[in-house]
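# Commentary on secondary and tertiary structure
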Amino acid sequence: MQQVSPLVSLGLVLASSGLLACSGGSGGGSSTQGALAHSHVLVSTLAPEDLSSLDSRVSEVRLVRPDGTESDNLLSQPLDLEMTGLENTAQWIANSDVEAGLYDSLRLRFEPGSVSARSMAGTVPVEEDSLELEAPFASPLDLGAGEHQQMHVQIDLASTIDGDVETPPVVFSPEGAILPPDSVGIDEFRGIVTRISPQNRTLDVDAFLDKEMQMPLGPVKVRIDRNTVLVDDNDVIFPTPAAFYSSLRLDMTVLEIYGDLGSDGRVIARRLEIEDQAGGTGDATVVIQGRVLYLDRDTSRILLLIRDIEMGAAIAEPVLASLGNPLAVEVLYDDQTRFLFRSGGAASADNLRIGQALEVGFEDFQSPPFLASQALLDSPEVDFQGTIVDNSGLPESVVVSLGDDDLHFHGWQFRPNRRDVLVKLGDTPVTLEVHGRPTVGRQRLAVGMRLKVTGNLTGLPDTPTIDATRLRLRPGRFDKADVATVDEANASFTTSRSRIKKSFGVDVGEGPLNVRISPQARFEGDASNQAEFFRAVGASHARRIDVRGEGVGSGVPNEVIVYELRLKVRGGGHDDDEDDDDDEEDDD
């Protein structure tokens, strides 16, 4: 089998920008005036398909009152955040007291100059057009004294990052929304055990967001249920909960905690792993999150695409700099390497897959190949993404042409210039990658649209197949649309012109569109609901209206169904087309 090093020499490992360790912040900033409630702020993302990492620093998280005044900052210190890794999990960023009262929205601010991006080709220059995201609550949030409130911000990176990665710079202007309170799968965090209650099956921990335990999250209560996997510091599963409880040392034992955050602020643990029994950070000195670019089972090596240095950046970055700041590193595993699934189950090297998300711990990080002491697998399955090129097999299957990134991951299984994969749909529902992730019918899988598929790649090199276990359809997007006619009774309108930014499929092209508004549609900008949208459009005779929509093709030529609509009302009359290139909504 081909060795890793030739791949490196062929350019998979390219010069990149400096790497940031992902860390977090906790809530100080509680108000000293009035009664207090408690806030739990989480961040997740709808990730773009063409970036391997997007680093940023969040400097402020504040709640906004109806009169425009803000709460204290819910972060006690700035928070480094790598955002592409938060597509399938949420980062808990604040666990803070806040003054009780009425709030309209949550405002999140990024630190100027902190945004950096990388793709498979290397560093991607970024222009910071806006550094503030304001996400309104569905209805005014009335925080009562002593109440716990979960606030989950989902950042839509496909809308946040505009422009073409291949012809940079790209433009950063954050967009997102508040998701309904629910039990949310959160990225792991660490905690020092401060209280044990076996009879209640709970633990209290003093929690930290980062593996180096420099970013405090504050006190957290952890609930253990019958499905919680309990693991000792040698990665051996405890035979009984009682054995686990008896091994804990108050104010000494450090746990790695994986689980779901309930709306009441308690964590329901999926796995609790003892990292250290003396208040330390465990055996690993460097932890890197990434994705498997190449796998050679004969030599027990992988090529790991670096997404984020979670721990030990001070150790890893000088070593990586001496290697030319590669995008990927050679990793060796052996019989002593401990493999685990993030969900809590045991794994092995046999579960490794090309394209898989992976978190690797190293006790020593001096020179390649770097020996892994532990490897944490997100899933036994892999995400693929590409463009639908044939939907004649619906409703059973479609053919997807893999994107360039997936050619890097899986190109060894294909003959040159062969990208096409048969995707068997089975009973898997199709979700649309907009806020709320609504389910859409399979007839919306139009040729020309982008599709993200989870599953395992099987078959021969000439006939590769993916049996899908998850299907996520990337929405089409138009902008710069002028409204020509409206039909409020049927929740639709037509445009006299528009610009297609992301494909709705081959049946939808530039020019006039018939737009149907889904009952599930979310409104942004100068209209917060459908009635306000039609009212603003109807009163636009002396003003200019710009509309942006995201959704799917209806199957009728130049007709789309939108699930997100953004309206911008401008003063004055309708200017000529050349003004389009100068206004703030033009992100090219």
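Refer to the preceding data block for the structure.
Description of the structure in this document.

### Points about the overall build of the chain
Helix and strand counts for the chain come out as six helices and 38 strands. Residues classed as buried in the chain amount to 56% of the 588 residues present. Long-range contacts, defined here as pairs at least 24 residues apart, represent 70% of the contacts in the chain between residues at least 6 apart. When the accessible surface of the chain is totalled, it reaches about 23,400 Å², and 48% of it is carbon and sulfur.

### Comments concerning helix H4 (residues 313-322)
Along H4, the positions that sit buried rather than exposed are Ala-313, Ala-316, Val-319 and Leu-320. Down the axis of H4, the sector holding all buried residues measures 140 degrees, keeping them to one side. Seen from the buried face of H4, the exposed residues on the opposite side, beyond 90 degrees, are Ala-314, Pro-318 and Ser-322. Against the buried residues of H4 lie strand S20 (286-296), strand S21 (301-311), strand S22 (328-332) and strand S25 (370-371). Taken from the residues just after H4, Gly-324 is the one with a positive phi, measuring 90 degrees.

### Things to note about the sheet that holds strand S8 (residues 126-128)
If you trace the three strands from one edge of the open sheet to the other, you get S8-S12-S11, paired in mixed fashion. Bordering the open sheet on either side are S8 and strand S11 (161-162), each of which pairs with just one other strand. In this structure, S8 lies alongside strand S12 (residues 170-172), joined through three bridges in parallel fashion. Bridging across to S12, Val-126 finds its partner in Val-170.

The rules we used
- Residues numbered from 1 in each chain as written.
- Predicted model: local features only at pLDDT ≥ 70, side-chain atom pairs only at ≥ 80, totals over all residues.
- Heavy atoms only, no water.
- Helix = DSSP H or I, 4+ residues; strand = E, 2+ residues; numbered from the N terminus.
- Buried < 20%, exposed > 50% of the residue type's maximum accessible area, 1.4 Å probe, protein only.
- Contact = heavy atoms within 4.5 Å.
- Areas by Shrake-Rupley, 256 points an atom, 1.4 Å probe, with all protein chains shown as cover.
- Arc of directions from axis to C-beta.
- Pairing = 2+ DSSP bridges.

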